[in-house]
Amino acid sequence: MWRLFNILKWINLVLASGPVLAFLSDALTGTSMSNKLYVALWEDEQARPIFIFAVIIDILLLILTRWLTSKKRHNDLLNEFDLLVTSEDMKPNHMGYQTMEIDEQQIPKTRPHYPFHSPRRLIEGEKKTSADSSKPEIEESALSEFIKRKQGFVIIGPSMAGKSRTLYAALKTTPNIIVMKPRKSKVPSDDALRLCGDKLTVILLDDLNEFATSKLDIKRLLDRLDYLKIDWTIACTCRGDDELGAVTATSSGAFLRIYESLHCKFIFKDMTDDELLNLNQRILPSKKRTMHQMGNPSQPGHVTMKDALESMKIKFSKLDDGPKICLAALQLLVAGVVPLTFNRVTAVMQKVFNRSKVDSLPEILQVLHDKSFINSEDRDPITPDMAYLTQDNPARRVVTNTLNLVKKEELKLLAQALESINDARGIFNVACTLGEMDCSKDAIETYDKLIDKFGAEKEAALKEPVAMAMFNKGVTQGALDKSEDEIETYDKLIDKFGAEKESALKESVARAMVNKGVAQRKLNRPDDSFSTLCKAWARKDDLIPEHRTLLEKAFKALNRSPADCP
């Protein structure tokens, strides 16, 4: 189409150049030869039809060229997004699904989208242990109301739990909205953003983990939408507990603040045996699979993708040792650290799996890509296909539920491997994972290693993980009822970073003050607590709304208010 556009543009230029050149010639010579020529052509009865035809063709070509120019411009603006479409025009392939009929052969590296859907029920919380059982279940259809009210939300869970399918259903059934998925590389231009018009724009971040480790400046995107007066909200998915560390791993911390400011975090309520059996029978009625064969009953994706998973196990058994160990390294990293960079994979293969040389990592990754285990060939960072990574590898791990299978000793080895390449953020995420595994003492030990190794560094990129490590160390000490040690840790953080100007460091200091005040109240030191909370209130602008609310609650617990501060 665009080749035709270029041809027409040049034809139009040639046809239009005659009158233009004639006019310039008249202007330069002070004559009216061209006018006389056109008058003569008009008055010549034989030449007049040809002259009129040429003028009409020129006008039509001009109109067509202008239309194609506008069309090309519109297409170029659309290409600044991964997706920009109305909910009414949204299709399954927009979220990476392959539309399939029952018993149709599934193509590897695709997710099947069947002509029916089993609606899910959700519970508010970030993981099952923290789900608020006092709140009622939320039907999948209610997500549409959250979108209409501009209340952003995230659906959290492991691979194949049904996150994307549920989010697609919510977007598809919400009328009169624009669904926008930005590219991971850059913010769209203002002209491109104006394509959203006056409709509510839903920023689709399907797999927040990947966006958090991308080059996208999410804060700038939201600022531009506000500047252009475009209403927006965020709807996203995030792989579960063991990978939430990805959101805190960004250099700016912007994605962490976006995540924490979302109105609700949801997890799925497990499907009942009857519901899952019904789903199984509807998808593959002829194969008559039993409940035992269907895998994890909380994850319907294991039903829809069972054939593909079986195929991947066969492929895995035929891999050489190098790709198998690389998969083990990827899965260990997924348990504790993201993104999966070349340096990190190399360090783990060398230090944890004793591969002294990893000269052929690009070739190994290419093999894994060709066999559908990863999506990114040999690009850095590496993008594994979570649904297809298998448990049959030297480390015997399952990426979709890694946290329950990985051992703390392996994570400590992972931390040592990352220390060898001075990966402060990686070590921080390993410590967070140890904390999630209820290995609090090991988590504190890992935080201390990070603080000792990088605490004297002056680079802003290293100061932030040190500050986060000190804050998390204090939180962990508080959970162990070591309030005095907790306060001491917060004091060190405040003293070290209290004068910093970077927003993420200012936020860490303010949060440390809030937590310190709470810890002092627990130790029955109300005056000290009030004084600390007043210092935190002076920094309230450094806190996101959620943490500011916690600060206000801390004042109320003392029967005081910020107005009482000196």
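Going by the structure above, here's the rest.
Small disclaimer: the values here were computed from a predicted structure and weren't measured. (Residues numbered from 1 in each chain as written. Predicted model: local features only at pLDDT ≥ 70, side-chain atom pairs only at ≥ 80, totals over all residues. Heavy atoms only, no water.)

**Points about the pairing of strand 10 (residues 264-268)**
Link 1 in the chain: Among the 5 residues of strand 10, 5 are classified as buried, and the element is accordingly described as predominantly covered.
Link 2 in the chain: Across the two faces of strand 10 the burial is the same, with Cys264, Phe266 and Phe268 and Lys265 and Ile267 all buried.
Link 3 in the chain: As paired elements, strand 4 (residues 121-124) and strand 10 share 3 bridges and run antiparallel to each other. Its bridge partner lying in strand 10, Ile123 is registered against Ile267. (Buried < 20%, exposed > 50% of the residue type's maximum accessible area, 1.4 Å probe, protein only. Helix = DSSP H or I, 4+ residues; strand = E, 2+ residues; numbered from the N terminus. Pairing = 2+ DSSP bridges.)

**Comments concerning the packing of aromatic side chains**
Link 1 in the chain: Enumeration over the complete set of coordinates arrives at 7 aromatic pairs.
Link 2 in the chain: Ring centres of Phe428 and Tyr447 lie 6.0 Å apart, and the angle between their planes is 45°; this geometry places the pair in the tilted category. Highlighted residues: Phe428 in helix 18 (residues 424-436) and Tyr447 in helix 19 (residues 440-454), separated in sequence by 19 residues. For the pair Phe428 and Tyr447, a shared accessibility class is recorded, and that class is buried.
Link 3 in the chain: Ring centres of Phe471 and Tyr490 lie 6.0 Å apart, and the angle between their planes is 40°; this geometry places the pair in the tilted category. Of this pair, Phe471 sits in helix 20 (residues 460-479) while Tyr490 sits in helix 21 (residues 483-497), and the two are 19 residues apart along the sequence.
Link 4 in the chain: Residue Phe471 is classed as buried on the basis of its relative accessible area of 7%.
Link 5 in the chain: By relative accessible area, which is 0% here, Tyr490 ends up buried.
Link 6 in the chain: Aromatic rings pair up to connect Phe146, Phe153 and Phe266 into one cluster.
Link 7 in the chain: A cation over an aromatic ring shows up here: Lys453 above the ring of Phe454, its NZ or CZ 5.8 Å from the ring centre. (Phe/Tyr/Trp six-rings, centres within 6.5 Å; stacked < 30°, edge-to-face > 60°. Lys NZ or Arg CZ within 6 Å of the ring centre and 35° of its normal.)

**Quick word on the side chain of Thr174**
Link 1 in the chain: Structurally, Thr174 can be placed in the loop between helix 5 (163-172) and strand 7 (177-182).
Link 2 in the chain: Assessed through its relative accessible area of 0%, Thr174 is described here as buried.
Link 3 in the chain: Among residues more than four places away in sequence, those in contact with Thr174 are Ser87, Ser144, Ile147 and Lys148. (Contact = heavy atoms within 4.5 Å.)

**Observations concerning the sheet that holds strand 4**
Across a sheet, paired strands are connected by hydrogen bonds in the backbone, their directions being either parallel or antiparallel.
Link 1 in the chain: The sheet built from 8 strands is open, its strands ordered 1-7-8-9-6-10-4-5 with mixed pairing. Bordering the open sheet on either side are strand 1 (81-86) and strand 5 (138-139), each of which pairs with just one other strand.
Link 2 in the chain: The sheet contact formed by strand 8 (residues 200-205) and strand 9 (residues 232-239) spans 5 bridges and is parallel. Residue pairing across strands places Val202 opposite Thr233, the latter belonging to strand 9.
Link 3 in the chain: The sheet strands contacting helix 5 are strand 6 (153-157), strand 7, strand 8, strand 9 and strand 10, and the helix crosses strand 9 at an angle near 160°.
Link 4 in the chain: On the sheet, helix 8 (residues 218-227) packs against strand 7, strand 8 and strand 9 and is oriented at approximately 160° with respect to strand 9. (Axes fitted to C-alpha atoms, helices over the stretch in contact; angles between N-to-C directions.)

**Here's the deal with the pattern of salt bridges**
Proximity of charged atoms lets side chains of opposite charge pair with each other.
Link 1 in the chain: By the definition in use, this model includes 23 salt bridges.
Link 2 in the chain: Its salt-bridge partner being Asp223, residue Lys219 comes within 3.1 Å of it at the nearest N-O pair. Separated by 4 residues within a single helix, Lys219 and Asp223 lie in helix 8, roughly one turn from each other.
Link 3 in the chain: Here Asp223 falls in the partly exposed class, since its relative accessible area comes to 37%.
Link 4 in the chain: The salt bridge partner of Arg425 is Glu464, with a shortest N-O separation of 3.3 Å. Here the residue Arg425 occupies a position in helix 18, and Glu464 occupies one in helix 20, the gap between them amounting to 39 residues. Take Arg425 and Glu464: they sit in the same class, and that class is buried.
Link 5 in the chain: One continuous salt-bridge network, built from bridges that share partners, spans Arg73, Asp191 and Arg194. (Salt bridge = Lys/Arg side-chain N within 4 Å of Asp/Glu carboxyl O.)

**Here we look at the nonpolar core**
Looking at soluble globular proteins, one finds that nonpolar side chains tend to be buried together.
Link 1 in the chain: If you look at the biggest cluster of nonpolar residues, it comprises 76 residues, and the most contacted ones within it are Cys326, Leu330, Val345, Met349, Leu368 and Leu414.
Link 2 in the chain: Leaving out residues up to four positions away in the same chain, Met349 has contacts with Gly322, Ile325, Cys326, Ala329, Asn354, Arg355, Val358, Leu361 and Ile364.
Link 3 in the chain: Counting 33 residues, the second-largest nonpolar core is a separate cluster that includes Val154, Ile178, Ala192 and Leu208. (Core = buried A, V, L, I, M, F, W, Y, C linked by side-chain atoms within 4.5 Å.)

**Points about the environment of Val345**
Link 1 in the chain: For Val345, the position within the fold is in helix 15 (residues 342-351).
Link 2 in the chain: In this structure the C-alpha to C-alpha distance between Val345 and Gln331, which are 14 residues apart in sequence, comes to 9.9 Å.
Link 3 in the chain: For Val345, the residues in contact, after removing those within four places along its chain, are Cys326, Ala329, Leu330, Leu333, Leu361 and Ile382.

**Notes on a nonpolar patch on the surface**
Link 1 in the chain: Together, Ile56, Ile59, Leu60 and Ile63 line one region of the surface with nonpolar side chains, adding up to about 380 Å² of accessible area.
Link 2 in the chain: Turning to its location among the elements, Leu60 is positioned in helix 3 (residues 47-78). (Patch = residues over 30% accessible without salt bridge, like charges linked within 9 Å, V, L, I, M, F, W, Y side chains within 5 Å. Areas by Shrake-Rupley, 256 points an atom, 1.4 Å probe, with all protein chains shown as cover.)

**Topic: the environment of Phe428**
Link 1 in the chain: Phe428 sits in the buried class, given a relative accessible area of 4%.
Link 2 in the chain: Sequence separation between Phe428 and Ala415 is 13 residues; the distance between their C-alpha atoms is 8.7 Å.

**Looking at the environment of Met160**
Link 1 in the chain: One can find Met160 in the loop between strand 6 and helix 5.
Link 2 in the chain: You can call Met160 buried: its relative accessible area is 11%.
Link 3 in the chain: Met160 sits 49 residues away from Arg111 along the chain, and the two C-alpha atoms are 9.3 Å apart.

**Brief notes about unusual backbone geometry**
Link 1 in the chain: In the Ramachandran plot, Asp481 falls in the positive-phi region, its phi being about 60° despite a non-glycine side chain.
Link 2 in the chain: By secondary structure assignment, the location of Asp481 is in the loop between helix 20 and helix 21.
Link 3 in the chain: Taking the relative accessible area as the measure of exposure, Asp481 reaches 69% and is therefore exposed.
Link 4 in the chain: Phi is positive for Asn559, close to 60°, though the residue is something other than glycine.
Link 5 in the chain: Assignment of secondary structure puts Asn559 in the segment after helix 24 (545-557).

**Thoughts on the pairing of strand 6**
Link 1 in the chain: For strand 6, the tally of buried residues reaches 5 of 5 residues, placing the bulk of the element in the interior.
Link 2 in the chain: The two faces of strand 6 match: Phe153, Ile155 and Gly157 on one face and Val154 and Ile156 on the other face are all buried.
Link 3 in the chain: Sheet analysis places strand 6 next to strand 9, joined by 5 bridges and oriented parallel. Bridging across to strand 9, Ile155 finds its partner in Thr237.

**A closer look at helix 16 (residues 361-370)**
Link 1 in the chain: Turning to helix 16, its buried residues number three or more, namely Leu361, Ile364, Leu365, Leu368 and His369. For helix 16, the angular spread of buried residues about the axis comes to 140°, placing them on one side. Exposed residues pointing more than 90 degrees away from the buried face of helix 16 are listed as Glu363 and Asp370.
Link 2 in the chain: Next to the buried residues of helix 16 lie helix 14 (321-336) and helix 15. (Arc of directions from axis to C-beta.)

So yeah, pure geometry; function would need other evidence.
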